[in-house]
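Chain by chain, the residues:
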There are 2 protein chains.
Amino acid sequence: MESGAGMKPLKAVVIGSGNVASAVAPALEKAGAISVECVYSPTPGHAATLAEKLHGASAVSEVQDIPADAELYLLAVKDDAIAHLATVLKPNGAVWLHTSGGVDCSVLSSLTSDYGVFYPLQTFSKGVEVDLSVVPVFVEGSTSVALDVAKRLAHAISDNVHEADGATRCKLHAAAVFACNFTNHLWAVADDVLRREAGVDIHVLEPLLRETLRKAMLVRPADAQTGPAVRGDVNVMEKHAALLAGDEAEMYRYLSRHIMDYYKR
Amino acid sequence: MESGAGMKPLKAVVIGSGNVASAVAPALEKAGAISVECVYSPTPGHAATLAEKLHGASAVSEVQDIPADAELYLLAVKDDAIAHLATVLKPNGAVWLHTSGGVDCSVLSSLTSDYGVFYPLQTFSKGVEVDLSVVPVFVEGSTSVALDVAKRLAHAISDNVHEADGATRCKLHAAAVFACNFTNHLWAVADDVLRREAGVDIHVLEPLLRETLRKAMLVRPADAQTGPAVRGDVNVMEKHAALLAGDEAEMYRYLSRHIMDYYKR
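All values derive from a computational prediction rather than experimental measurement.

1. Considerations on the overall build of chain A
Looking only at helices and strands, chain A has nine helices and eight strands in total. With respect to the three principal axes, the spread of C-alpha positions in chain A is 70 × 40 × 35 Å. Across the 265 residues that make up chain A, the buried fraction comes to 53%. Contacts in chain A between residues far apart in sequence, at least 24 positions, make up 54% of those at least 6 positions apart.

2. Some points on the relation of the copies chain B and chain A
Superposition of chain B onto chain A requires a rotation of 180° combined with a translation of 0.0 Å along the rotation axis, giving an RMSD of 0.0 Å. Here the symmetry operator amounts to a two-fold rotation axis. Residue Thr-183 of chain B of chain B places its C-alpha closer to the rotation axis than any other residue of that unit, at 2.6 Å. Comparing interface residues between copies, 100% of those in chain B also sit at the interface in chain A, which points to an isologous, same-surface contact.

3. Section: the sheet that holds strand 7 (residues 137-141) of chain A
Residue and element names in this part refer to chain A. Judged by pairing direction, the sheet is mixed, and its eight strands sit side by side in the order 3-2-1-4-5-6-7-8 without closing on themselves. Unpaired on one side and paired on the other, strand 3 (58-60) and strand 8 (161-163) mark the two borders of the sheet. Along the sheet, successive strands turn relative to each other by an average axial angle of 25°, direction set aside. Judged from the three bridges that link them, strand 2 (residues 34-40) and strand 3 form a sheet pairing that is parallel. Along strand 3, the bridge assignment pairs Cys-38 with Ser-58.

4. Here we look at the environment of Leu-10 of chain A
Residues and elements named next belong to chain A. Tracing the backbone shows Leu-10 in strand 1 (residues 10-15). Taking the number of C-beta atoms within 10 Å as the measure of exposure, Leu-10 has 22 and is therefore buried. Note: C-alpha distance between Leu-10 and Ile-34 (24 residues apart in sequence) is 4.4 Å. Setting aside residues no more than four positions away along its own chain, Leu-10 makes contact with Ala-33, Ile-34, Glu-71, Leu-72 and Val-149.

5. Thoughts on the interface of chain B and chain A
Taken together, the contact pairs 69 residues of chain B with 69 residues of chain A. Counting only elements with at least two residues in the side of chain B that touches chain A, the list comes to helix 5 (166-198), helix 6 (206-218), helix 7 (228-231), helix 8 (234-243) and helix 9 (246-264) of chain B. Ranked by the residues each element gives to the side of chain B that touches chain A, the list is headed by helix 5 of chain B, at 26 residues.

6. Topic: the packing of helix 6 (residues 206-218) of chain A against helix 5 of chain B
At a minimum axis separation of 10 Å, helix 6 of chain A and helix 5 of chain B run at an interaxial angle of 20°. In terms of axis orientation, helix 6 of chain A runs roughly parallel to helix 5 of chain B. Here helix 6 of chain A and helix 5 of chain B pass one another in a crossing that is right-handed. Contacts from Leu-208, Leu-209, Thr-212 and Ala-216 of chain A of helix 6 of chain A reach helix 5 of chain B at Ala-176, Ala-179, Cys-180, Thr-183, Asn-184 and Trp-187 of chain B. Taken together, the residues that form the contact of helix 6 of chain A with helix 5 of chain B break down as seven nonpolar, three polar and no charged.

7. Here we look at the domain arrangement of chain A
All names here are of chain A. We note that the domain assignment places domain 1 (10-164) and domain 2 (170-264) within chain A. Each of domain 1 and domain 2 has a C-alpha centre, and these two points are 37 Å apart. Listed by partner, the interface residues are five residues for domain 1 and four residues for domain 2. Taken together, the residues of the side of domain 1 that touches domain 2 break down into three nonpolar, two polar and no charged.

8. Overview of the environment of Glu-29 of chain A
Residues and elements named next belong to chain A. With respect to the secondary-structure elements, Glu-29 resides in helix 1 (residues 19-30). Separated by 17 residues in sequence, Glu-29 and His-46 place their C-alpha atoms 18 Å apart. Those residues in contact with Glu-29, other than ones at most four positions away along the chain, are Ile-34, Ser-35, Val-36, Leu-54 and His-55.

9. A short note on the sheet that holds strand 6 (residues 114-120) of chain B
Whether parallel or antiparallel, the strands of a sheet pair through hydrogen bonds between backbone atoms. Residue and element names in this part refer to chain B. Spatial strand order, 3-2-1-4-5-6-7-8: eight strands in an open sheet with mixed pairing. Edge strands, defined here as strands with exactly one partner in the open sheet, are strand 3 (58-60) and strand 8 (161-163). Sheet twist, expressed as the average angle between the axes of neighbouring strands with direction ignored, equals 25°. Two strands pair when backbone bridges link them, and strand 7 (residues 137-141) and strand 8 are joined in this way by three bridges, in the parallel orientation. Residue Phe-138 lies in a different strand from strand 8, and its bridge partner there is His-162.

What counts, and at which threshold
- Residues numbered from 1 in each chain as written.
- Chains lettered and ligands numbered in written order.
- Predicted model: local features only at pLDDT ≥ 70, side-chain atom pairs only at ≥ 80, totals over all residues.
- Helix = DSSP H or I, 4+ residues; strand = E, 2+ residues; numbered from the N terminus.
- Buried ≥ 20, exposed ≤ 12 C-beta atoms within 10 Å, placed from the backbone.
- Contact = placed C-beta atoms within 7 Å.
- Least-squares fit on C-alpha atoms with pLDDT ≥ 70 in both.
- Pairing = 2+ DSSP bridges.
- Axes fitted to C-alpha atoms, helices over the stretch in contact; angles between N-to-C directions.
- Parallel < 35°, antiparallel > 145°, perpendicular 65-115°, else oblique.
- Left-handed = near helix turned anticlockwise from the far one by under 90°.
- Nonpolar A, V, L, I, M, F, W, Y, C, P; charged D, E, K, R; others polar.
- Domains from an automatic or database assignment.

This is how it looks when you write it as C-alpha cells:
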C-alpha cells in the first residue's frame, strides 16, 4: 500500500504529547491517515493542548481512561518510557507503533501481535514548523498488517520512506549522534573559544557553517574535508592547541590526529 | 572611513588566482573599491582566467613582470606561500594586504611600512557564488593608512567588518577548525557508518543536520545540545559504540565523555 488515498482514516490513540507527538499527530490527521480519538499524557494540560489541535480528540491523563477501541496506538514518548508503558497499558488486537529510533519494536509484543515502528529521523521543537515531506521515516512491522499501517502513515506525510529493522535503526541513530549531537558540541566549544578569546560568538561563523554543510551535501563529506589536519600542517595545529584551554586543546589534538589517520588510510 | 563611496578605486595588483582571489577580486572591483591592473599567478592559465573577469587587467606569471606602480597589492595565496613571496617580491611604498587568517601581518613588513590583513572568514569554491555581504571580514593594519585601506575594501563588500590582530585571527581560525573542519569530519564518519551499516548515506540526515544548525544559531549551541551523552544515557552509548568500527567506537566514547564532562561542570 503506497498511500492512504481512498482509505478511511484509522481511529487512533496518541500516547504522549511531547515534541514528536505534537509534530506528527496533527500532520497524520491532516493527511487523512488517522483520526485521533484520544491523546494520553500523565500531565493533563499537555494532553489537552495537543488534543485541541486534533479534531474531536479527548484528552486523558490516567492509563485506565485510554479507550480500548482504537485501530492504532501511536506511542510517541521518551525511549525509557516505552518499556514501562508497555507493562501498564491494556493489550488488545489493534496495531501498536512507537516512534523511537533506539528502542526495539518487540518491546510492544505484550500489547498486540501487530506492532512496529514509525520513526521520523528529525528533531522536533514545539512551535517550530518542520517540512515533514523531506523528513526520512523508517518503518518496521512484526506482521504485514503492522508494516502496512506503518508504511501508510509514513507515505501519508513523507516522500522519503525506508524499511529498517531495529539493528539498522540503532546504526542510523549512532550515525545521527556523530553528525548532529557531536557536531553541536563542537559548535558549543567553538562558541566558548570565540566568546572568551575574540569577543564575538558562533554567529560570526554562520556563513562558514552554512557553506560547510552545503559542500558536504554536494560532494561526499570526506571529499570536502579542509583544514590544517587534512593538510598535515603541524605548525598551525600546534599554534591552535597552544592558545586553547586544556580540555579544548586535548580535543583539538585528538580530532586532528583522527583526521590525519583517516586520510592516511 | 565607512565605505569607498565617492572615492577613486585603488589601482591594485592581485597576487594569486585561487578560490579566495577569484571570489574577492571581482567583488571588490564591482563594488568600486579597486581597479585591478594585473593578476599574478605562477600558472599562466590561472592568472589569465581571473584577469578575464576583471576590467582591463593583465595576467603575468613571472614575479619580475608584476607592475611596481599599484597603490595596493593583495596577496590571496596559500598560507605558506605568503612568507616565500614576501622575500621575492619587490618592496615599494604601496599598501600590501594578505587574506589569510593564520599568518601574522608582519610577514609583509619587508615589502612596505603600510601592510595589513583583509581576511574574509568564509570558504570559497570556484564556480560557487557566495553572498559576500554576510561574510565577516577581519581587518588589521600596521599603520592607519594600511588599516583604512583594509577597512575600505571590507566595507565595500561586507556588512560584517571587524578589526582583529594576528592573535585574535588565530583564535578565530582555531574556532573555525572546531566548528567546520572537525564537524565535516564527523559527517564523513557518519557517512561511512550509514553506507556500511544501513545502505544509505549522509543525505538521509540532511533535514536533521539543517535543523540542528538552525537550532544552534537560534539559541546558544550549548543550550541546544541533545543526545545520549548529555542525558547520561550509558545504555544507548554502549549499544552505539558496540556496533561501530574500532576507531569510530573510540571516537564515539571520547566525544561522549567530553560532552558528559562539559555539562557536569
